[in-house]
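# Summary of the model geometry
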Amino acid sequence: MKAFTKETSTVVAVPGVNCDTDQIIPGRFLKADRAQGYGQFLFHDIRRDEAGELDPAFPLNREGAERSTILLVEDNFGCGSSREGAVYALVDHGIRAVIGPSFGDIFFNNALKNGLVPVRLSAEQCDGLADYLARFPDAEVTVDLENAQLVLPGNLRRHPIVIDAFARECILQGLDEIEMTFTYMEKIKAFETERMASHAWLAR
């Protein structure tokens, strides 16, 4: 996992309420070798026209969109099946954070486990941000995980980022749950040594 402290970027607004994991990455690509990157499959079908060509009207296909590392999405993003590949596709594409009113529960947890920061913002505030970005497409947003705040452009204010404290610490350090556990190895060994000494029957 790549450590995340603060990310400042232009934002790509991807439309669609209930954008499920099959739209994020179609199931037929889940057998692909992850080493080759899942980013090439991100929104594969919905960003193409009937001829299979990239649709220039789709937000991620527009000029400059490839430089953006933050997405603005609509309600219930990442719903549907519990495929972790949806998060892989976003991360491999270079997306570091996703802002939206709500997320599928499993998607939200998968995102945290892979260093993708999901930021909940009210629907009204998301609409306001979308309107601002439509007028000022080069405006930047900052996801400041270290200080747990979302910094919006213009006069749209700052908003708290609320995620599980342990998950936040893992992402800040760039460690998954197992790697984070290893950082406590000395304390774990000391506990086991003391426990064995006070419970001799455990060694029998």
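All values derive from a computational prediction rather than experimental measurement.

The rules behind these values
Residues numbered from 1 in each chain as written. Predicted model: local features only at pLDDT ≥ 70, side-chain atom pairs only at ≥ 80, totals over all residues. Heavy atoms only, no water. Axes fitted to C-alpha atoms, helices over the stretch in contact; angles between N-to-C directions. Helix = DSSP H or I, 4+ residues; strand = E, 2+ residues; numbered from the N terminus. Parallel < 35°, antiparallel > 145°, perpendicular 65-115°, else oblique. Left-handed = near helix turned anticlockwise from the far one by under 90°. Contact = heavy atoms within 4.5 Å. Nonpolar A, V, L, I, M, F, W, Y, C, P; charged D, E, K, R; others polar. Phe/Tyr/Trp six-rings, centres within 6.5 Å; stacked < 30°, edge-to-face > 60°. Buried < 20%, exposed > 50% of the residue type's maximum accessible area, 1.4 Å probe, protein only. UniProt positions renumbered as here; feature names shortened; annotations may be inferred.

Quick look at the packing of helix 2 (residues 85-93) against helix 3 (residues 105-113) now. Where helix 2 contacts helix 3, the axes come no closer than 9 Å and their chain directions differ by 45°. Taken together, helix 2 and helix 3 sit at an angle that is classed as oblique. Relative to helix 3, helix 2 is oriented so that their crossing is right-handed. Contact residues: Ala86, Val87 and Leu90 in helix 2; Phe107, Asn110 and Ala111 in helix 3. Here the contact of helix 2 with helix 3 is composed, by residue class, of five nonpolar, one polar and no charged.

What follows deals with the packing of aromatic side chains. This model, assessed by the stated rule, comprises nine aromatic pairs. Taking 6.0 Å as the distance between ring centres and 65° as the angle between the ring planes, the aromatic pair formed by Tyr38 and Tyr88 counts as edge-to-face. On the criterion of sequence distance, the pair formed by Tyr38 in the loop between helix 1 (21-24) and strand 2 (70-72) and Tyr88 in helix 2 is long-range, its members being 50 residues apart. What makes Tyr38 buried here is its relative accessible area of 5%. Arranged with centres 5.9 Å apart and planes meeting at 55°, the rings of Phe43 and Phe58 form a pair that is tilted. Of the two residues, Phe43 is situated in the loop between helix 1 and strand 2 and Phe58 in the loop between helix 1 and strand 2; the sequence distance between them amounts to 15 residues. Per residue, the accessibility class of Phe43 equals that of Phe58, and both read buried.

Our next topic: the UniProt feature "domain: Aconitase A/isopropylmalate dehydratase small subunit swivel" (unreviewed entry) in the chain. In this structure's numbering, the residues bearing the UniProt feature "domain: Aconitase A/isopropylmalate dehydratase small subunit swivel" (unreviewed entry) are residues 1-123. Here residues 1-123 is 19% helix and 15% strand, with 30 Å between the C-alpha atoms at its ends.

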